[in-house]
Amino acid sequence: MATRLQDIAERVGVSPSSVSLVLNGRADGRVNAVSAARIREVAEDMGYMPNMLARGLKTRSSKTIGVLAEGVASIPFSGQMLAGAQEAAWRQGYLLMVVDTGHHSDRNVRAIRALIQRDVDALIVAADYPRDVRIPDVPAQIPVIALSAIPHPEDAERRRVDVVLPDDEAGAFTAVAELLRAGHRRVAFLNLDHTGFDYAQTQRLAGYRRALTAAGLETEDRYIANAPGPETADGQDAAARLLAGPEPPTAVFCFSDRIAVAVYHAAASCGLRIPDDLSVIGFDDQDGVANSLSPGLSTVRLPHREMGEWAARTAIRRVHGYDGPSLRQFIPCPPITRGSVGPAR
């Protein structure tokens, strides 16, 4: 049988109302500290579990944040966003309810209906990488946070949506600046040209250009190449072309760690040693890729966990009454130093 407030009150020797005040965090000035500590101790010892449904009917809060995820939960790389959101929510007494539809947008309506029927207090719409998303129709009183997702302009005009994204532009600037500090002046960028990755492609190119300009260098088209897809095999030909020119680069900044693997392969084919002959920096810090190469790949880490934490904290802040304008937060992408960068020859 479930433990009741009455059971705890009888064990401690206080009234049920005192137990209720303590367990609901409203005991300050009403229940003395010694009794409050004893009530918490006995409640834990007796395995007391609050009736969240009944509490929700009284407070109009389920203490639950719904997450509509598109391919996030099934991919360990981006799954850290959910881990960060859950941890931040847990610290404030909330839980996440996650529905991952993969990339099947036709399932979104059913998923949203299921979350709303369970009275979620807020909704996080999460994508596995920054890209345009449609924000589903939910009641206006439910705050919506876009996590690693860019709301469609019509949706952003229709309702308030807070957005959190990685600061790819600043991360790229940091990576290229590290190569420049090592004395490199012929720094190439192996970018991506693939539908769906527009945000990252544009932002990382902008960071590359800004770093060169800050160092007084011109951006040369011959040192920019594009891979047609995000996989290592997609970058092989572009990497080979970059290294085969008459004045090949002494360093390559890569769109991602997986694309950087293609540069490692191309360098080996040309007889170039990393970092003695060629320095390489990636982006993402993808576990099992950046840390498995030899030498280890210096890269820029995507702040997935921090993004998830920000999304959950902001959702709860909205639930608690913050009514300011839409927020757009860019989370820094810190550099990760390993062994793939050396001084220019």
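Residues numbered from 1 in each chain as written. Predicted model: local features only at pLDDT ≥ 70, side-chain atom pairs only at ≥ 80, totals over all residues. Heavy atoms only, no water.

## Overview of the nonpolar core
If you look at the biggest cluster of nonpolar residues, it comprises 47 residues, and the most contacted ones within it are Leu 190, Tyr 208, Phe 253 and Val 280. Within the residue set of this core, elements represented by two or more residues are α8 (168-181), β8 (187-192), α9 (198-214), β9 (224-227), α10 (236-243), β10 (251-254), α11 (257-269) and β11 (279-281). The greatest single-element share of this core, amounting to seven residues, is contributed by α11. By size, the runner-up hydrophobic cluster in this structure holds 24 residues, among which are Ile 65, Ala 88, Val 164 and Met 307. (Core = buried A, V, L, I, M, F, W, Y, C linked by side-chain atoms within 4.5 Å. Buried < 20%, exposed > 50% of the residue type's maximum accessible area, 1.4 Å probe, protein only. Helix = DSSP H or I, 4+ residues; strand = E, 2+ residues; numbered from the N terminus.)

## Section: the pattern of salt bridges
Two side chains bearing opposite charge may form a pair once their charged atoms approach each other closely. Throughout the structure, instances matching the rule amount to 23 salt bridges. As a salt-bridge pair, Arg 204 and Asp 168 come within 2.6 Å of each other at their nearest N and O atoms. Placement of the pair is Arg 204 in helix α9 and Asp 168 in helix α8, with a sequence separation of 36 residues. A relative accessible area of 3% means that Arg 204 is categorised as buried. Since its relative accessible area comes to 1%, Asp 168 is described here as buried. Linking Arg 338 and Asp 285 is a salt bridge whose minimum nitrogen-to-oxygen distance equals 2.9 Å. (Salt bridge = Lys/Arg side-chain N within 4 Å of Asp/Glu carboxyl O.)

## Section: the sheet that holds strand β7 (residues 162-166)
Ordered in space as β2-β1-β3-β5-β7-β13, the six strands form an open sheet in which the pairing is parallel. The open sheet has two edge strands, β2 (95-100) and β13 (328-331), and neither has a second partner. The average undirected angle you get between the axes of adjacent strands in this sheet is 20°. Pairing between strand β5 (residues 144-147) and β7: three bridges, direction parallel. In the sheet register, Ile 145 faces β7, and the bridge partner there is Asp 162. On top of the sheet, helix α5 (residues 76-91) reaches β1 (64-70), β2, β3 (122-127) and β5; it is set at about 155° to β2, its chief contact. Relative to β1, helix α6 (residues 108-117) is tilted by about 170°, and along the sheet it contacts β1, β2 and β3. (Pairing = 2+ DSSP bridges. Axes fitted to C-alpha atoms, helices over the stretch in contact; angles between N-to-C directions. Contact = heavy atoms within 4.5 Å.)

## A few points about the side chain of Ser 298
Its place among the elements puts Ser 298 in the loop between β11 and β12 (299-300). One polar contact links the side chain of Ser 298 to the main-chain amide nitrogen of Arg 338, over a distance of 2.8 Å. With near-sequence residues (within four places) excluded, Ser 298 lies in contact with Val 280, Ile 281, Gly 282, Ile 336, Thr 337, Arg 338, Gly 339, Ser 340 and Val 341. (Polar contact = N/O pair within 3.5 Å; in protein donor to acceptor, adjacent residues only side chain to side chain.)

## Structural notes on unusual backbone geometry
The residue after Ile 274, namely Pro 275, is reached through a cis peptide bond having omega 5°. Counting through the fold element by element, Pro 275 comes out in the loop between α11 and β11. Here Ser 294 and Pro 295 are connected by a cis peptide whose omega angle stands at 0°. With respect to the helices and strands, Pro 295 occurs in the loop between β11 and β12. Even without glycine at this site, Ser 148 takes up a positive phi of about 55°. Of note, Ser 148 is situated in the loop between β5 and β6 (150-151). A positive phi is found at Asp 284, a non-glycine position, where the angle reads about 120°. With respect to the helices, strands and loops of the structure, Asp 284 is situated in the loop between β11 and β12. Owing to a relative accessible area of 10%, Asp 284 belongs among the buried residues under this scheme.

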